[in-house]
Amino acid sequence: MKQFVFATNNKHKLDEVRKIIGERIELLSLKDIHCNEEIPETADTLEGNALMKARYVFEHYHTNCFADDTGLEVEALGGAPGVYSARYAEGAGHDSEANMRKLLKEMEGIANRKAQFRTVFAVIIDGKEHLFEGIVRGEIITTRRGTSGFGYDPLFKPEGYTKTFAEMGDELKNKISHRAIASQKLCKYITN
């Protein structure tokens, strides 16, 4: 079985990707390789951040790895919060509640609720870099619904569904999400 390090400290992401990939790949976390550093994410694109994290792990730990960056892109906000999704509410890094409050405030009175979640995975195998993308289109609803998932899941309703990501539960979400789409592409590539 091939072994890869997933360059994330986000337990939710790690669990989600482990569920999606299943038994096909042995997935290690940063904790498993004793990487306790805060890996920089200072690029202005999802692709840039994913590559930055993967390169850091490959250069410092010399192991095949992948990293992702995910953004919620709201059409009426010019693609925001985008690359700043996790830290959208200034001064509140990775505070989902504060981020959702800010998004709902920014969307007050806006009729166009179209949005998309986009995930980009950067994988490095023996020094060679590859990118994989997953996109799910949908809309931002006006009030939170659901308790599962994380991040903006209670506010995002994917196209073709009546439930938000937070209402549909892990099993369905892990089949249709942006991360699932990108993970399947990644998994197919690294298992061939």
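Use the structure listed above.
Note that residues are indexed from 1 along each chain, following the sequence as it is written. Two thresholds apply to this predicted model, a pLDDT of at least 70 for residue-level local features and 80 or more for giving and counting side-chain atom pairs, whereas whole-chain, interface and lining totals are computed over all residues. To obtain the side-chain values, all non-hydrogen atoms of the structure were included, while hydrogens and water were left out.

Caption draft 1: Inspection of the nonpolar core at higher detail. Judged by nonpolar contacts, the single largest core of 18 residues is most densely connected at L72, V74, L103, I140, Y152, F156 and F165. Each helix is a run of H or I in the DSSP string that is no shorter than four residues. Each strand is a run of E no shorter than two, and both are numbered from the N terminus. Contributing elements (two or more residues each) for this core: β3 (65-74), α3 (96-106), β4 (114-125), β5 (128-140) and α4 (165-176). Think of a nonpolar core as a cluster: buried Ala, Val, Leu, Ile, Met, Phe, Trp, Tyr and Cys residues, connected wherever their side-chain atoms sit within 4.5 Å. A simple rule labels every residue: compare its accessible area, found with a 1.4 Å probe on the protein chains alone, to the largest value its type can have, and call it buried under 20%, exposed over 50%, or partly exposed in between.

Caption draft 2: Spatial organisation of the pattern of salt bridges. The salt bridge criterion pairs a side-chain nitrogen of Lys or Arg with a carboxyl oxygen of Asp or Glu, the two atoms within 4 Å. Going through the model one piece at a time under the given rule, you end up with 17 salt bridges. For the salt bridge of R55 with E129, the shortest nitrogen-to-oxygen distance reads 2.7 Å. Of this pair, R55 sits in helix α2 (residues 46-61) while E129 sits in strand β5, placing them 74 residues apart in sequence. The exposure class assigned to E129 is partly exposed, which follows from its relative accessible area of 36%. Look at the salt bridges and you will find they share partners, linking K13, E16, D68, D153, K173 and R179 into a network.

Caption draft 3: Representation of α2 within the structure. When the terminal C-alpha atoms of α2 are compared, their 23 Å separation across 16 residues agrees well with the 22 Å that a helix rising 1.5 Å per residue should span. Of all the positions in α2, only L46, G48, N49, A50, L51, K53, A54, Y56 and V57 are classed as buried. Note on contacts: a residue pair is in contact if any heavy atoms of the two residues lie within 4.5 Å. The secondary structure elements touched by the buried residues of α2 are β1 (3-6), β3, β4 and β5. Directly beyond the C-terminal end of α2, a positive phi value near 50° is found at H62. To estimate how far a helix should extend, the number of its residues minus one is multiplied by 1.5 Å.

Caption draft 4: Up close: the pairing of β5. Only strands joined by at least two bridges in the DSSP assignment are considered to pair. Summarising the sheet, β4 and β5 pair through 12 bridges and their orientation is antiparallel. Bridging across to β5, V123 finds its partner in H130. The hairpin turn running from β4 into β5, its antiparallel successor, is 2 residues long, and D126 in that turn takes a positive phi close to 50°. As paired elements, β5 and strand β6 (residues 156-158) share 3 bridges and run antiparallel to each other. Across the sheet, residue G138 finds its bridge partner in β6, namely P158.

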